[in-house]
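Coordinates in review
Listed here are the chains, written in short residue letters.
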Amino acid sequence: MIRASEAARVRLPTSAGEFEARAFEVGGGLVYLTLLRGDVADGQPVLTRVHSECLTGDALGSLRCDCGVQLHAALEAIAREGRGVLIYATGHEGRGIGLVNKLRAYQEQERGADTVDANLRLGLPADRRSYAEAAAVLTALGIRSVRLLTNNPRKADGLAAAGIRVEEVVPLVTTATAHNGQYLRTKRDRMGHIDPAGAPLAEVAERPVDVSSLLGAVRPRADRPFVLVTYVQTLDGRIAARPDAPVATAAGAAAWRRLAHALRAACDAVLVGSGTVLAGDPELTVRLVPGPSPLRVVLDSRLRTPLTARVLNGAAPTLVVTAGRDGTRAKREELVARNVGVRLVEPAPVGVDLHATLRALRADGVGSVLVEGGAGVIASMLAAGVVDRLVATIAPRIAGAAGLALTNRAVHPVGDDVLLAFDVAPAST
Ligand SMILES: NC(=O)c1ccc[n+]([C@@H]2O[C@H](COP(=O)([O-])OP(=O)(O)OC[C@H]3O[C@@H](n4cnc5c(N)ncnc54)[C@H](OP(=O)(O)O)[C@@H]3O)[C@@H](O)[C@H]2O)c1
């Protein structure tokens, strides 16, 4: 019988609000940290996350896994509910094989193994975790039954085997990134995890979206990142004046925005030209799906971006790529003082040199860039031959004929073409 004894108790303010932290020592000298909210010992099922320690994902923001995203999503879910517990299980690093072995398993993955085979190649089990200690901690907290925040059915089974009633499994869906999509799919296919990479496109309005088919095979080159261009065009083939809300219905627009955020979360950087910043003041962060915000990059040879622009706020890192033209030094210094990165590259006939920009991003470790516009930057990128993939949204609108409503859509892929048909009527009818 494993015993858990409380070793320390303290108030812990976090970005998800204030929790009571209690540390427990369990058999074998492991420390389990619990973050509690509300009365958890009243006999009712408690919203519970048993989170396996992952130094690289939780503390360092590694995108090889989705641990950090799940950790924060769980804390926020508990804070929203006003009652629950997060148990942080030390000793669970790398599904129980330890930090060094986890890094060795990453090396095996770079040689082609998936996350399960990587462990097996090292002579280690795919999953060595035991949940008996977590169950002992729950018992010490007076918790007998839980609603478990997890995508991992083994975790629910492990707690149940140790005497905790699992009333419900509450999935923690995360948005796949270019770095962890394969890992999440392996966990789903080989370890029975609940669809961790999100729902298929049809369900985009309700849940995070799996954008892997839109991303394609993300293959950064030695001299530049993988470049994915996305834009919204009208039915008559013009880049829409505003990149947002391409569809007529509110539900459709909300679904599309979530998809756009999932694409952002999937990439290391999101890039726009200064024209897009001046026209729409986008923030370019990930807010509508659970996923990391990418590095925000603005191409701005004349530093026209206002210091009040949302893209310069502290919500995510930002890099302004500029050409060091005369008269811009004071503004460059002002940006640096606000923790905005400033990179000087050679000027081009329009704006900054794209090859130099992409080379610099690659040298900074950026493997994938999502170009969100506008028309000027997209046209330059295509002309420079630095685009790997296009994601085009066709809005049911005709530029210059806003008075028309296009409804009753039909879509026909024919060979490499996509045929679209709509009923056309005056918008008022
Ligand atoms: N439909 C969509 O999907 C979509 C998406 C985004 C934006 N938009 C819309 O597009 C409009 C803005 O279009 P835009 O063409 O003015 O904006 P843009 O492409 O975002 O910005 C163009 C500016 O970027 C700078 N730039 C720096 N390096 C460049 C390079 N190598 N090539 C091209 N430009 C470079 C140039 O300014 P400097 O010379 O000062 O450096 C240039 O004037 C807005 O109405 C916006 O809402 C639509």
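Source: prediction; values computed, not measured. (Residues numbered from 1 in each chain as written. Predicted model: local features only at pLDDT ≥ 70, side-chain atom pairs only at ≥ 80, totals over all residues.)

1. Some details on the sheet that holds strand β8 (residues 226–234)
Pairing is parallel across the open sheet formed by seven strands, whose spatial order is β12-β11-β10-β9-β13-β8-β14. In this open sheet, the two strands that pair with only one neighbour each are β12 (341–344) and β14 (389–395). Adjacent strand axes in the sheet meet at a mean angle of 20°, parallel and antiparallel pairs treated alike. Taken together, the three bridges between strand β9 (residues 269–273) and strand β13 (residues 368–371) define a ladder with parallel strand orientation. Each bridged residue has a counterpart across the sheet, and for L271 the counterpart in β13 is V371. (Pairing = 2+ DSSP bridges. Helix = DSSP H or I, 4+ residues; strand = E, 2+ residues; numbered from the N terminus. Axes fitted to C-alpha atoms, helices over the stretch in contact; angles between N-to-C directions.)

2. Concerning the domain arrangement of the protein
Segmenting the protein into domains produces domain 1 (4–92 + 129–198) and domain 2 (212–397). Using C-alpha coordinates to define each centre, domain 1 is positioned 35 Å away from domain 2. If you look at the interface, domain 1 gives ten residues, while domain 2 gives 13 residues. Looking at the side of domain 1 that touches domain 2 residue by residue, the class counts come to five nonpolar, five polar and no charged. (Domains from an automatic or database assignment. Contact = placed C-beta atoms within 7 Å. Nonpolar A, V, L, I, M, F, W, Y, C, P; charged D, E, K, R; others polar.)

3. Here we look at the site of the ligand
The local shell around the ligand holds 31 residues, among which G273, G275, G351, G373 and G374 are the closest. Mapped onto the shell around the ligand, the elements with two or more residues apiece are β8, β9, α11 (274–280) and α14 (375–383). The element contributing the most residues to the shell around the ligand is α11, with five residues. Here the residues of the shell around the ligand are counted per class, giving 15 nonpolar, eleven polar and five charged. (Near = placed C-beta within 6 Å.)

4. Let's talk about the pairing of β12
Judged from the four bridges that link them, strand β11 (residues 318–322) and β12 form a sheet pairing that is parallel. Of the residues in β12, the one forming a bridge with T322 is L344. Between the parallel elements β11 and β12, the chain passes through helix α12 (residues 329–337) in a crossover that is right-handed. (Right-handed = clockwise from strand over helix to strand, strands pointing away.)

5. Considering the pairing of strand β7 (residues 165–170)
In the sheet, strand β6 (residues 145–149) pairs with β7 via five bridges, with the strands oriented parallel. Counterpart to S145 in the pairing with β7 is R165.

6. Some points on the sheet that holds strand β1 (residues 4–14)
Think of a sheet as strands paired side by side through backbone hydrogen bonds, with each pair either parallel or antiparallel. Strand order across the open sheet formed by seven strands is β1-β2-β3-β5-β4-β6-β7, with mixed pairing between neighbours. Two strands close off the open sheet at either side, each with one partner strand: β1 and β7. Sheet twist, expressed as the average angle between the axes of neighbouring strands with direction ignored, equals 25°. Pairing of β1 with strand β2 (residues 17–26) involves ten bridges; the strand directions are antiparallel. Looking across to β2, one finds that P13 is bridged to E18.

7. Quick notes on the environment of D423
Position of D423 relative to the elements: it lies in strand β16 (residues 417–426). D423 sits in the exposed class, given 10 other C-beta atoms within 10 Å. Measuring from C-alpha to C-alpha, the distance between D423 and T407 comes to 5.1 Å, with 16 residues separating the pair along the chain. Contacts of D423, omitting those with residues within four sequence positions, involve T407 and N408. (Buried ≥ 20, exposed ≤ 12 C-beta atoms within 10 Å, placed from the backbone.)

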